[in-house]
Amino acid sequence: MRTLVMTAPGGAENSSVVEVAEPVPGPGELTIDVAYAGLNFVDVMARRGDAGYATWPHRPGLEVSGTVRALGPGVTHLAVGDRVVAVPKGAGMSEVALASAELAVPVPDGVSLAAAAATPLGLATSLLLLTDAGRFTPGDTVLVHSASGGIGGAVARLVPLLGGGRLIGTVGRPEKAAEAERAGYQLVLTRDTDPTEAVRSATDGRGVDLILDPLGTTALSLDLELAAPGGRVVLFGNATGAAIDALPPVDRLLRGNLTITGFSHRGLVANAPARVAAATGRILGFLADGRLTMPVTEVPGLAEIPAAHDLLAEGRGSGKYVARIGEGIL
Ligand SMILES: NC(=O)c1ccc[n+]([C@@H]2O[C@H](COP(=O)([O-])OP(=O)(O)OC[C@H]3O[C@@H](n4cnc5c(N)ncnc54)[C@H](OP(=O)(O)O)[C@@H]3O)[C@@H](O)[C@H]2O)c1
């Protein structure tokens, strides 16, 4: 079978499509004929060699949709041929992917496998950021950094389904504002200017209830300035790859009644997979009943993924990308 492999830290020049042996499911596992694989910024972090994200050669891909190819011993909630999504055990950008059955979720009729491919990592993360880590309640004002990306777009589409709230986004470049507005952000600010006044006036001076921040600690001081009394800041990434600073002094949190929380999909996959599977199932339900529409850009095949990774790596991506892997899998 064909798979995408990254041979060393760097760019697209170190990625290629190669033939490898097909995986065989062990106890509690399944294999999937992959229809689509989701692209995620974590692929870029691995590709550029961020510590802890890859060993070499590295086979990327942490979310797939497709049909069950084979079941290992003890897997009873699925059958061969079922349409599923899963968080694979890495190497999802392959014609056949291996996953733990506890992280494989059936795809309801009527949900396309292209849209479904965005659920087990991207959309599940977006939902869990809001509900679990962020303790969102209806009416909260939510500020999201990097609002025009895959996670940013998904968060904007989920907030109305959770009861609604004012949505403020920041983007790195002015040309990305339109995509964030399309996703549902009512106010979009470029991070090259100080957003403090605009956020204060948009929130009647109160500040923001929930801030979702994937920028390491580069914006943390600003986040604390913008937070309303009792505000929550969820740190969930380090897009720039910059060194992580120490957290602010405790009295800064005490004075503002502020919370700083961390979120890791990878951590939940390892330690609480049922929470990832439950969030994925909930998202698939939203897609099935038509309450959620998640636009995706289709990358036509395995060989075109490295160029799409370049877009994400250079911060030129827009919205969510999924790659078509298997022809004729519906
Ligand atoms: N903790 C978790 O479990 C988890 C799960 C999924 C994703 N994430 C994180 O969430 C963020 C968004 O992920 P995504 O999959 O939605 O990715 P994406 O669509 O590619 O968005 C990434 C965004 O990061 C921003 N960025 C800032 N500095 C950058 C740099 N030096 N190089 C490239 N991009 C840079 C860019 O937006 P602006 O220029 O507009 O800021 C870019 O659009 C990433 O940081 C990712 O690591 C975390």
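What this report covers is the structure whose coordinates are included nearby.

Cut-off values and rules
Residues numbered from 1 in each chain as written. Predicted model: local features only at pLDDT ≥ 70, side-chain atom pairs only at ≥ 80, totals over all residues. Heavy atoms only, no water. Pairing = 2+ DSSP bridges. Helix = DSSP H or I, 4+ residues; strand = E, 2+ residues; numbered from the N terminus. Axes fitted to C-alpha atoms, helices over the stretch in contact; angles between N-to-C directions. Contact = heavy atoms within 4.5 Å. Salt bridge = Lys/Arg side-chain N within 4 Å of Asp/Glu carboxyl O. Buried < 20%, exposed > 50% of the residue type's maximum accessible area, 1.4 Å probe, protein only. Phe/Tyr/Trp six-rings, centres within 6.5 Å; stacked < 30°, edge-to-face > 60°. Lys NZ or Arg CZ within 6 Å of the ring centre and 35° of its normal. Right-handed = clockwise from strand over helix to strand, strands pointing away. Near = heavy atom within 4 Å. Polar contact = N/O pair within 3.5 Å; in protein donor to acceptor, adjacent residues only side chain to side chain. Areas by Shrake-Rupley, 256 points an atom, 1.4 Å probe, with all protein chains shown as cover. Nonpolar A, V, L, I, M, F, W, Y, C, P; charged D, E, K, R; others polar. Domains from an automatic or database assignment.

## Quick look at the sheet that holds strand β8 (residues 167-171)
On the basis of which strands lie adjacent, the open sheet formed by six strands has the order β9-β8-β7-β10-β11-β12 and parallel pairing. The open sheet has two edge strands with one neighbour each: β9 (187-190) and β12 (259-262). The mean angle between the axes of side-by-side strands here comes to 20°, regardless of whether they run parallel or antiparallel. Across three bridges, the pairing between strand β7 (residues 142-145) and strand β10 (residues 208-213) is parallel. Considered in β10, the bridge of V144 is made with L212. Here helix α3 (residues 119-133) sits on the sheet and contacts β7, β10, β11 (227-235) and β12; the angle it forms with β10, its principal contact strand, is near 140°.

## Some details on the pattern of salt bridges
Taken as a whole and judged by the stated rule, the model has 15 salt bridges. K320 serves as the salt-bridge partner of E63, at 2.5 Å between the closest nitrogen and oxygen. With E63 in the loop between α1 (41-47) and β4 (64-71) and K320 in strand β14 (residues 320-324), the pair connects residues that are 257 residues apart, well separated along the chain. Of the two residues, E63 and K320, both sit in the buried class. A salt bridge links R316 to E314; its shortest N-O distance comes to 2.3 Å. Overall, R316 belongs to the partly exposed group, its relative accessible area being 44%. Judged by relative accessible area, E314 falls into the partly exposed class, the value being 39%. Each of E22, D33 and R69 takes part in salt bridges that share partners, so that together they form one network.

## Here's the deal with the packing of aromatic side chains
A complete count under the given rule lists zero aromatic pairs for this structure. Sitting over the ring of Y53, R266 keeps its end group 4.4 Å from the ring centre.

## Quick notes on the pairing of strand β13 (residues 296-299)
Pairing geometry for β13 and β14, over four bridges, is parallel. For V296, the partnering residue across the bridge sits in β14 and is K320. Between the parallel pair β13 and β14, the chain is carried across by helix α11 (residues 305-313), and the sense of this crossover is right-handed.

## Brief notes about the site of the ligand
The environment of the ligand is formed by 24 residues, the closest being S146, I151, R191, F236 and H265. Note that an oxygen atom of the ligand is positioned 2.7 Å from one of the side-chain N or O atoms of S146. In the model, a nitrogen atom of the ligand is placed 2.9 Å from a nitrogen or oxygen of the F263 main chain. Protein contact buries 87% of the 890 Å² of open area that the ligand shows by itself. Among the elements of the structure, α1, α3, α4 (150-158) and α11 are those that each provide at least two residues to the shell around the ligand. Here the shell around the ligand is built from residues that sort into twelve nonpolar, ten polar and two charged. Residues from two domains meet in the shell around the ligand; each of domain 1 (2-118 + 294-324) and domain 2 (123-265) gives at least three.

## As for unusual backbone geometry
With an omega of -5°, the peptide bond running from W56 to P57 counts as cis. With respect to the secondary-structure elements, P57 resides in the loop between α1 and β4. Within the chain, R135 stands out as a residue other than glycine whose phi angle is a positive 50°. Counting through the fold element by element, R135 comes out in the loop between α3 and β7. The backbone of D204 sits at a positive phi, close to 55°, despite the residue not being glycine. By relative accessible area, D204 is classed as exposed at 75%.

Purely geometric numbers; function is a separate question.
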